[in-house]
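Residue-level structure breakdown
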Amino acid sequence: MSRILIVDDEASILKALQRVLRVAPCTYGNRHFTLEVHTATSPLHALELARQEEFDLFISDYRMPEMDGIEFLKHAKALQPDAARLILSGYADLNALVRAVNEVGIERFIGKPWNDYDLMSAIGQALAHRELLLENRQLADLVRVEMGDKTPEQVEAERLERLEPGITKVNWGPDGSVLLDEAGAD
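Residues numbered from 1 in each chain as written. Predicted model: local features only at pLDDT ≥ 70, side-chain atom pairs only at ≥ 80, totals over all residues. Heavy atoms only, no water.

Another aspect to go through is the overall build of the chain. Broken down by element type, the chain carries 6 helices and 9 strands. Relative to the 2.2 N^0.38 estimate, which gives 16 Å for 186 residues, the radius of gyration of the chain is 26 Å and therefore markedly larger than a compact globule would have. Projecting the C-alpha coordinates of the chain onto the three principal axes gives extents of approximately 85 × 35 × 30 Å. For the chain, buried positions account for 35% of its 186 residues. A sequence separation of at least 24 residues applies to 65% of the contacts in the chain between residues at least 6 apart. (Helix = DSSP H or I, 4+ residues; strand = E, 2+ residues; numbered from the N terminus. Rg over C-alpha atoms; globule rule 2.2 N^0.38 Å. Buried < 20%, exposed > 50% of the residue type's maximum accessible area, 1.4 Å probe, protein only. Contact = heavy atoms within 4.5 Å.)

Moving on to the pattern of salt bridges. As a working rule, side chains carrying opposite charge can pair if their charged atoms are close by. According to the stated counting rule, one finds 9 salt bridges in the structure shown. The salt bridge partner of D8 is K112, with a shortest N-O separation of 2.8 Å. Of this pair, D8 sits in the loop between strand 1 (2–7) and helix 1 (11–23) while K112 sits in the loop between strand 7 (108–111) and helix 5 (116–147), and the two are 104 residues apart along the sequence. A salt bridge links K112 to D61; its shortest N-O distance comes to 3.2 Å. Highlighted residues: K112 in the loop between strand 7 and helix 5 and D61 in strand 5 (residues 57–61), separated in sequence by 51 residues. The same class applies to K112 as to D61, namely buried. A network of salt bridges, in which partner residues are shared, links R3, E36 and E53. (Salt bridge = Lys/Arg side-chain N within 4 Å of Asp/Glu carboxyl O.)

It is worth spelling out a nonpolar patch on the surface at this point. Judged by side-chain polarity, V170, W172, V178 and L180 come together as a nonpolar surface patch covering roughly 450 Å² of accessible area. A relative accessible area of 72% places L180 in the exposed class. (Patch = residues over 30% accessible without salt bridge, like charges linked within 9 Å, V, L, I, M, F, W, Y side chains within 5 Å. Areas by Shrake-Rupley, 256 points an atom, 1.4 Å probe, with all protein chains shown as cover.)

On to the pairing of strand 1, then. By the criterion of burial, strand 1 is predominantly enclosed, with 6 of the 6 residues buried. Along strand 1, one buried face is formed by S2, I4 and I6 and the opposite face, lined by R3, L5 and V7, is buried too. Sheet analysis places strand 1 next to strand 4 (residues 35–40), joined by 6 bridges and oriented parallel. Looking across to strand 4, one finds that V7 is bridged to A40. In the sheet, strand 1 pairs with strand 5 via 4 bridges, with the strands oriented parallel. Bridge pairing in strand 5 links L5 to F58. (Pairing = 2+ DSSP bridges.)

Moving on to the sheet that holds strand 7. Spatially, 4-1-5-6-7 is the arrangement adopted by the 5 strands of the open sheet, whose pairing is parallel. Two strands lie at the open edges of the sheet, namely strand 4 and strand 7, each paired on one side alone. In this sheet, neighbouring strand axes are inclined to one another by 20° on average, regardless of whether the strands run parallel or antiparallel. Sheet contacts for helix 3 (residues 69–79): strand 1, strand 5 and strand 6 (84–89); angle to strand 5, the most-contacted strand, approximately 160°. (Axes fitted to C-alpha atoms, helices over the stretch in contact; angles between N-to-C directions.)

A separate point is the packing of aromatic side chains. Summed over all chains, the structure comprises 2 aromatic pairs. A centroid spacing of 5.7 Å and a plane angle of 55° characterise the contact between F55 and F58, whose relative ring orientation is tilted. You'll find F55 and F58 in the same group, each marked buried. Among the aromatic residues, those joined into a cluster by ring pairs are F55, F58 and F72. Sitting over the face of the ring of F55, R3 holds its NZ or CZ atom 4.9 Å from the ring centroid. (Phe/Tyr/Trp six-rings, centres within 6.5 Å; stacked < 30°, edge-to-face > 60°. Lys NZ or Arg CZ within 6 Å of the ring centre and 35° of its normal.)

Structure (C-alpha cells):
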C-alpha cells in the first residue's frame, strides 16, 4: 500500500483527485501500486500529518494562501526525505518549475487541468523511482557491512574465490619461475 498526501486549498480539487485515484489503475512498468490517499486543504495541517505519519508521496498545489507548494514540499522533504514529491498547478510558471526542481527535487510538475492517464503515470513513476532509490540504498548498506575494513579489491578477490576457487596468488621463484609447492604458498 502506497500512502499519498495531497495538499490543495480547493476542496473540490481534492475530491476530484480522490475520485480519480480511487478508480484509475496506478501502474508503472510491471509494478502495480495500491494507493491510500490522504488530503489536506492547508499546508500547515499537511505538515502536522507528515510529522505524525509516513507517506510515500506528497502531491501539492503550487499556489496556496499559507505557503506555496514549493515551501510546503521543502518542509515535507525535511521531515520525510525519502518520500517522492509532485507539484500540481494551473499556472505554467517556468521560474517556479526551476525552483521546485532545484530546491525540492520534485519528480514532476503536473498542470491543471490534468489528464487522468498522465497523472496516474506520473504517480506510478514517482513511486517506482522511490522504491528503486530505497532498494539501492539497502544494497549499498549491505556492501558496506560486507566490506568492513577491507578494500574493494579485497572484497572482489574474496567474492571471486567463493565463485571460482583457484589460484588467487602466484608465488614467484628467484629465477622468475612459478612456485607450485603449496608449502611455499601463503
